[in-house]
Amino acid sequence: MGKRRIVVKVGTSTLAHPTGLLNLRRVEALCRVLSDLKNAGHELILVSSGAIGMGAGKLSLTQRPEDTPTKQAAAAVGQCELMYTYDKAFSQYNHTVAQVLLTAADVNHPHRFANFRNTMHRLLDLKALPIINENDTVATEELGIGDNDTLAAIVAVSMEAELLVLLSDIDGLYTADPHTHPEATLIDEITNITPDILALAGGAGSHLGTGGMTTKLHAAQICMEAGCDMVIANGADPAILYDAADGKPAGSRFCGKRG
Ligand code: GLU
């Protein structure tokens, strides 16, 4: 397998314990694998959730806040914590991180979006690791991109990545909700998002994050249409990224349109 440009999105449920505090072992494993993939020559972009969840943990809120001002305050606290953690972890492996915060207005404004892409290309030339999140402190719910699965798909397509990996707390897309249907099986390859596939998305995400299968399938539609592969895989063991990057079986792969 050659060198690839890969976007990895990590959800709050992967980064944090249910308490909202960082899952240090997980984060350390993730940063090590990402560093190793970078050392192997891949270009990596990380889209990281966790600002609101981590801010909630740090501010000792018992659950993810519901109201906008508290969410935005939590994001302001949590984003610092996130970047501080990433900076420390990646520094151990001699990688330099760069924080990039986007809003829907940036994505929808051609000039600002072109600027974003230029900066991203420069960061990749400079071998930095861009870490992207929505700028939750200023983006309101009605005007925001809203979820990082969609944001990650927008980033992957606009940066012409070959692959987007969504690391989540589920192994991939199942034939039914595995929490309630133990007989459900994992679908390892999806070449077309049919109404039947869309119907498999239950609404539920974790209590700290935003996404669920619905936003992941929406992200898959954006990627596949643009010819980018997307994988949903369980972030419990970040080493799954090696197989995902090599095109080996890992979670559920949504194949981008070819030709
Ligand atoms: N931007 C949000 C955060 O950092 C997460 C959104 C999402 O998980 O989809 O908390």
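Below you will find a few notes about this structure. Small disclaimer: the values here were computed from a predicted structure and weren't measured. (Residues numbered from 1 in each chain as written. Predicted model: local features only at pLDDT ≥ 70, side-chain atom pairs only at ≥ 80, totals over all residues. Heavy atoms only, no water.)

**Regarding the overall build of the protein**
Then, number 1: Helix and strand content of the protein: ten helices and eight strands.
Then, number 2: Relative to the compact-globule value of 18 Å for 259 residues, the protein shows a C-alpha radius of gyration of 17 Å, a close match.
Then, number 3: Principal axes of the C-alpha set define a box for the protein whose edges measure 40 × 40 × 40 Å.
Then, number 4: For the protein, with 259 residues in total, the buried portion stands at 53%.
Then, number 5: Within the protein, counting contacts between residues at least 6 apart in sequence, those at least 24 apart form 72% of the total. (Helix = DSSP H or I, 4+ residues; strand = E, 2+ residues; numbered from the N terminus. Rg over C-alpha atoms; globule rule 2.2 N^0.38 Å. Buried < 20%, exposed > 50% of the residue type's maximum accessible area, 1.4 Å probe, protein only. Contact = heavy atoms within 4.5 Å.)

**Quick word on the pattern of salt bridges**
Any two side chains of opposite charge can pair, so long as their charged atoms come close to each other.
Then, number 1: Scanning the model with the defined rule gives eleven salt bridges in all.
Then, number 2: With its nearest N and O atoms 2.8 Å apart, the salt bridge here joins R258 to D229. Here R258, found in the segment after β8 (252-254), pairs with D229, found in strand β7 (residues 229-234); they are 29 residues apart in sequence, far enough to count as distant.
Then, number 3: Using a relative accessible area of 59% as the deciding quantity, one classes R258 as exposed.
Then, number 4: The network of salt bridges with shared partners includes K9, D149 and K216. (Salt bridge = Lys/Arg side-chain N within 4 Å of Asp/Glu carboxyl O.)

**Observations regarding the site of the ligand**
Then, number 1: Surveying the vicinity of the ligand reveals nine residues, the closest of which are A51, I52, N133, D136 and N148.
Then, number 2: The contact in question runs from an oxygen atom of the ligand to an N or O atom on the side chain of N133, over 2.8 Å.
Then, number 3: Between the ligand and N148 there is a distance of 2.7 Å, counted from an oxygen atom to a backbone nitrogen or oxygen.
Then, number 4: With the chains in place, 98% of the 300 Å² that the ligand exposes on its own is no longer accessible. (Near = heavy atom within 4 Å. Polar contact = N/O pair within 3.5 Å; in protein donor to acceptor, adjacent residues only side chain to side chain. Areas by Shrake-Rupley, 256 points an atom, 1.4 Å probe, with all protein chains shown as cover.)

**Concerning the nonpolar core**
Then, number 1: One finds I132, L164, M230 and F254 to be the most contacted residues of the largest nonpolar core, which totals 44 residues.
Then, number 2: If you list the elements that add at least two residues to this core, you get β2 (43-48), β3 (97-102), α5 (104-108), α6 (110-125), α7 (148-158), β5 (163-168), α9 (213-225) and β7.
Then, number 3: Excluding residues that lie within four positions of it along the chain, I132 makes contacts with I45, L46, V47, S48, V100, L102, F116, M120, L151 and V155.
Then, number 4: By size, the runner-up hydrophobic cluster in this structure holds 36 residues, among which are L44, I52, I131 and V231. (Core = buried A, V, L, I, M, F, W, Y, C linked by side-chain atoms within 4.5 Å.)

**Here we look at the packing of α7 against α9**
Then, number 1: At their nearest, the axes of α7 and α9 sit 8 Å apart, and the two run at 15° to each other. Taken as axis vectors, α7 and α9 run roughly parallel relative to one another. The element α7 and its partner α9 pack so that their crossing is right-handed. For the pair α7 and α9, contact is made by D149, T150, A153 and V157 and by T215, K216, H218, A219, I222 and C223, respectively.
Then, number 2: Looking at the contact of α7 with α9 residue by residue, the class counts come to five nonpolar, three polar and two charged. (Axes fitted to C-alpha atoms, helices over the stretch in contact; angles between N-to-C directions. Parallel < 35°, antiparallel > 145°, perpendicular 65-115°, else oblique. Left-handed = near helix turned anticlockwise from the far one by under 90°. Nonpolar A, V, L, I, M, F, W, Y, C, P; charged D, E, K, R; others polar.)

**A closer look at α9**
Then, number 1: With 13 residues, α9 should cover 18 Å at 1.5 Å per step; its first-to-last C-alpha distance of 18 Å lies within 8% of that length.
Then, number 2: At the exit of α9 stands G227, carrying a positive phi of roughly 85°. (Expected span 1.5 Å × (residues − 1).)

**Some words on α7**
Then, number 1: Taking burial as the measure, the eleven residues of α7 include ten buried ones, the bulk of the element.
Then, number 2: Along α7, the positions that sit buried rather than exposed are N148, D149, T150, L151, A152, A153, I154, V155, A156 and S158.
Then, number 3: Measuring from the backbone nitrogen of D149 back to the side-chain oxygen at the start of α7 gives 3.0 Å, which picks out D147 as the cap.
Then, number 4: Downstream of α7 by a residue or two, E160 has a phi angle that is positive, lying close to 50°.

Everything listed here is a matter of coordinates, which is why it stays silent on function.
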